[in-house]
Amino acid sequence: MTEATREATPPETVADVTTGRVRHPEKAHRPDNPVQKRKPAWIRVKAPTSATYHETRRIMREHNLHTVCEEAACPNIGECWSKKHATMMILGSVCTRACSFCNVATGRPDLLDPHEPENVAQSVAKLGLSHVVVTSVDRDDLPDGGAGHFAETILRIRKASPGTTIEVLTPDFLRKKDALAMVVGAKPDVFNHNLETVPRLYGEVRPGARYFASLRLLQQVKELDPSMFTKSGIMVGLGEGREEVLQLMDDLRSAEVDFMTIGQYLQPTPKHHVVDRFVEPDEFDAYARFAYAKGFLMVSSSPLTRSSYFAGDDFRRLRDARDRRLRGETVSEADAVAAPAAG
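Everything numeric here is computed off the predicted structure, so don't read it as measured data.

Trainee: Help me understand the pattern of salt bridges, please; the structure alone is not making it clear to me.
Mentor: A side chain with one charge may pair with a side chain of the opposite charge, provided their charged atoms come close. Counted according to the given criterion, the structure contains 17 salt bridges. When the shortest N-O distance is used, the salt bridge between glutamate 152 and arginine 156 registers 2.6 Å. One end of the pair is glutamate 152 and the other is arginine 156, both in helix H5 (residues 147–160) and four residues apart, which spans about a single turn. On the basis of relative accessibility, which here comes to 31%, the residue arginine 156 falls in the partly exposed class. Taking the shortest distance from any N to any O, the salt bridge between lysine 231 and glutamate 167 comes out at 2.8 Å. Here glutamate 167 lies in strand S8 (residues 165–169) and lysine 231 lies in strand S10 (residues 229–236), a separation of 64 residues in the sequence. Each of the two residues, lysine 231 as well as glutamate 167, counts as buried. Linked by salt bridges that have partners in common, Arg97, Asp138, Asp140 and Asp172 make up one network.

Spelled out as structure tokens, the structure:
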């Protein structure tokens, strides 16, 4: 790659170039959706070239780890890895769901790696992370949905790197009794579960999930531990309407969610959900103002915002915002600090 910047989309293929297997078998026979080749200037990002980026990649490979940065083809990978920020993806690399927006491989998952929690913990220590995000594929095949693996990973990180704050981004644990309590009981600092989109679009965007089940999951976290920060995110540009986004914000506040992220949906391959439109930066700013007015402690709203983008910096601001509110101070749109635009 010779250009200084690249489009914020991964290669348009449904095959995994490292294993040769079909990455999205459930999508392989679908007709192609149009892909807009030229993206707006505000979502063009630098190609990853720094030595620190390659060092971070080496540590991931050394410990046989998966990252959502790679698996979901995140456009911010060059910037984040150059700063030794990485989002660890546990429970393997194959998801049992088939969301139309997602680039993570789908199919029959491999057996769980019993060494994975310790490998994650050792990588966190080697990278010297002050804040780590741990996410996963959906594992509907497991009796606990992978909750025990999440809990063990949290405990191992606490032991290997006591100063690191931990954020989990979990699946919905649909119909997995006591799974949520297991993860909350391990005491992560932030519990994140993404709604992804408005309820009207769930059937085509997130068909294996249920909007109100996800909303209830977030509400239950606060019931189990009122002191735990909760977080959720959505993509825009999927065909949602402004009023639907504002209603979703109200739903999240009804569940006492503290932190909301809003970012632009980018189409991974022609087999994935089409981009309805590219949302202008000013609209993201307007969404942030609405969200603060509705009572969120933290909002990150920009085209390149992702759940774990600048998560450590956002966590510190989140704690400060709660402290200000506890002192009776107002947390408003003036406190909004959107993630810096890449490039």
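Trainee: Even after reading the chapter, I still don't get the packing of helix H9 (residues 242–254) against helix H10 (residues 281–293), so can you show me in this structure?
Mentor: The description of two helices packed together rests on the angle between their axes and the distance between the axes. Two numbers describe how H9 lies on H10: the axes approach to 10 Å, and their chain directions differ by 35°. With respect to the hand of their crossing, H9 and H10 are arranged in right-handed fashion. Contacts between H9 and H10 involve Arg242, Val245, Leu246 and Met249 on the former and, on the latter, Tyr287, Phe290 and Ala291. Residues that form the contact of H9 with H10 fall into these classes: six nonpolar, no polar and one charged.

Trainee: Looking at this model, I keep getting lost on the packing of aromatic side chains. Mind explaining?
Mentor: Two numbers describe a pair of aromatic rings. These are the distance of the centres and the angle of the planes. For the structure on display, the rule yields four aromatic pairs. Ring geometry for tyrosine 211 and phenylalanine 212: centres 4.9 Å apart, planes at 90°, overall edge-to-face. Judged by its relative accessible area of 5%, tyrosine 211 falls in the buried class. Accessibility expressed as a relative area gives 59% for phenylalanine 212, which makes it exposed. Note on phenylalanine 229 and phenylalanine 315: the rings are 5.9 Å apart at their centroids and 90° apart in plane angle, and the pair reads as edge-to-face. One end of the pair, phenylalanine 229, is in strand S10; the other, phenylalanine 315, is in helix H11 (residues 311–326), with 86 residues separating them in the sequence. Of the residues examined, phenylalanine 229 reaches a relative accessible area of 3% and is grouped as buried. For phenylalanine 315, a relative accessible area of 4% gives the class buried. Sitting above the plane of the phenylalanine 229 ring, arginine 322 keeps its charged end 3.8 Å from the centroid.

Trainee: Help me out: how do you make sense of the environment of histidine 149 in this one?
Mentor: Structurally, histidine 149 is set in helix H5. Setting aside residues up to four positions removed in sequence, histidine 149 forms contacts with Ile90, Leu91, Leu112, Asp113, Glu116 and Pro117. A polar contact of 3.0 Å, which involves the side chain of histidine 149, links it to the side chain of glutamate 116.

Trainee: It is not clear to me how the pairing of strand S4 (residues 87–90) should be interpreted in this structure. Could you clarify?
Mentor: A regular strand places its side chains on the two faces of the sheet in alternate fashion. Residue alternation in S4 divides its side chains into two sets, Thr87 and Met89 and Met88 and Ile90, and both sets are buried. With four bridges joining them, S4 and strand S7 (residues 131–136) adopt parallel strand pairing. In the strand pairing of S7, isoleucine 90 is matched with serine 136.

Conventions used here
Residues numbered from 1 in each chain as written. Predicted model: local features only at pLDDT ≥ 70, side-chain atom pairs only at ≥ 80, totals over all residues. Heavy atoms only, no water. Salt bridge = Lys/Arg side-chain N within 4 Å of Asp/Glu carboxyl O. Helix = DSSP H or I, 4+ residues; strand = E, 2+ residues; numbered from the N terminus. Buried < 20%, exposed > 50% of the residue type's maximum accessible area, 1.4 Å probe, protein only. Axes fitted to C-alpha atoms, helices over the stretch in contact; angles between N-to-C directions. Left-handed = near helix turned anticlockwise from the far one by under 90°. Contact = heavy atoms within 4.5 Å. Nonpolar A, V, L, I, M, F, W, Y, C, P; charged D, E, K, R; others polar. Phe/Tyr/Trp six-rings, centres within 6.5 Å; stacked < 30°, edge-to-face > 60°. Lys NZ or Arg CZ within 6 Å of the ring centre and 35° of its normal. Polar contact = N/O pair within 3.5 Å; in protein donor to acceptor, adjacent residues only side chain to side chain. Pairing = 2+ DSSP bridges.

Geometric descriptors of this kind do not, in isolation, establish any biological role.
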